[in-house]
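What follows is the residue order along each chain.
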Amino acid sequence: MTRRIKALSVHFLTATGAVFAMLAMLAAVDEKWSMMFLWLVVAFVVDGIDGPLARHYHVKKNAPEYDGVLLDLIIDYLTYVFIPAFALFKSGLLSGWTGWVCLIVITFTSVIYFADTRMKTKDKSFAGFPGCWNMFVLVMFATEPHWQIILILTIIIATSMFTPLKFIHPVRTERWRMISLPVTMLWTALGGYAAWHDFDIGHTVIVTLAITSLYLMFAGIAQQIIPASIRSSETL
């Protein structure tokens, strides 16, 4: 297999995310939330592996006619933002006008963020919350908090997209990657498990899902507070 074919194969792998997005959307329209999240988890896995493959096979050099970054952003907006926002709106977790507020806030702020050329930091992390609403909405389905909590969290998280707060990329952020990558894999497995069981999961799974979500949410901010010169962080 030539380098060009390998590079093109990576682009095609990324493009499968659009198919998974459509399958998730069809499930969402029928309010089959478990099936929707299963397809979103599959898309999440693809998104996690296509980046390293793209860098390994040098797609920019070997298949430059396709813009992998643009392709990834289009699919990410569908699977990370658009479909999860629709699911939250239709789920019944929100009350009346709050569903409209969350729907508008999530979709509007996220599309602005995705177009921001300053979204990446020097250490390959994200400047501001990276629009991972698929993760947020899945946790909301699993925990079913009061609608006021969902509304407040949505506004706070959306606001954080336009702050200097750092959020890690579990694959590309080198610092603490030995922790971040396994935590992300565990979160993905738990998310898939929760969706597979129609969110009828035990207390232990819910707590573990919440803990891993909190780590992924606040690890980057912790890195901003804790100096990188500390020996323990240099060894990770």
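Calculation rules
Residues numbered from 1 in each chain as written. Predicted model: local features only at pLDDT ≥ 70, side-chain atom pairs only at ≥ 80, totals over all residues. Heavy atoms only, no water. Helix = DSSP H or I, 4+ residues; strand = E, 2+ residues; numbered from the N terminus. Buried < 20%, exposed > 50% of the residue type's maximum accessible area, 1.4 Å probe, protein only. Expected span 1.5 Å × (residues − 1). Contact = heavy atoms within 4.5 Å. Core = buried A, V, L, I, M, F, W, Y, C linked by side-chain atoms within 4.5 Å. Patch = residues over 30% accessible without salt bridge, like charges linked within 9 Å, V, L, I, M, F, W, Y side chains within 5 Å. Areas by Shrake-Rupley, 256 points an atom, 1.4 Å probe, with all protein chains shown as cover. Salt bridge = Lys/Arg side-chain N within 4 Å of Asp/Glu carboxyl O. Axes fitted to C-alpha atoms, helices over the stretch in contact; angles between N-to-C directions. Parallel < 35°, antiparallel > 145°, perpendicular 65-115°, else oblique. Left-handed = near helix turned anticlockwise from the far one by under 90°. Nonpolar A, V, L, I, M, F, W, Y, C, P; charged D, E, K, R; others polar.

Visitor: Run through the environment of L23, naming residues and quoting values.
Guide: Note that L23 resides in helix α1 (residues 3-29). A relative accessible area of 30% places L23 in the partly exposed class. Taking the C-alpha atoms as reference points, L23 and M36, 13 residues apart in sequence, are found 7.4 Å from one another.

Visitor: Go over α1, please, and point to the residues and values.
Guide: Because the α-helix completes a turn every 3.6 residues, residues three or four places apart line up on one side. With 27 residues, α1 ought to run about 39 Å at 1.5 Å a step, and its terminal C-alpha atoms sit 40 Å apart, in line with that. All of the buried residues in α1 are A7, L8, V10, H11, T14, G17, F20, A21, A24, M25, A27 and A28. Buried positions along α1 lie against α2 (33-56), α3 (59-62) and α4 (68-90). Downstream of α1 by a residue or two, E31 has a phi angle that is positive, lying close to 60 degrees.

Visitor: Quick rundown of the nonpolar core? Include the residues and the values.
Guide: If you look at the biggest cluster of nonpolar residues, it comprises 58 residues, and the most contacted ones within it are M36, F37, L88, W133, F136, F141 and W187. Every element with two or more residues in this core is listed here: α1, α2, α4, α5 (97-114), α6 (133-143), α7 (147-160), α8 (177-196) and α9 (203-225). At nine residues, α6 tops the list of elements feeding residues into this core.

Visitor: Which residues make up a nonpolar patch on the surface, and what are the values?
Guide: A cluster of nonpolar residues, W100, I104, F108, V111, I112 and F162, forms a patch on the protein surface that exposes about 640 Å² of accessible area. Here F108 lies in helix α5. You can call F108 exposed: its relative accessible area is 56%.

Visitor: So, the packing of α2 against α8: which residues are in play, and what are the values?
Guide: Packed helices, taken two at a time, are described by the angle their axes make and the gap between the axes. Contact pair α2 / α8: the axes reach a minimum separation of 8 Å and the direction vectors enclose 160 degrees. The pairing of α2 with α8 is recorded here as roughly antiparallel in orientation. Crossing angle aside, the handedness with which α2 passes α8 is left-handed. Residues S34, F37, L38, V41, F44 and V45 of α2 form the contact with α8, whose participating residues are T184, W187, T188, G191, G192, A195 and W196. Considered class by class, the residues forming the contact of α2 with α8 number eight nonpolar, five polar and no charged.

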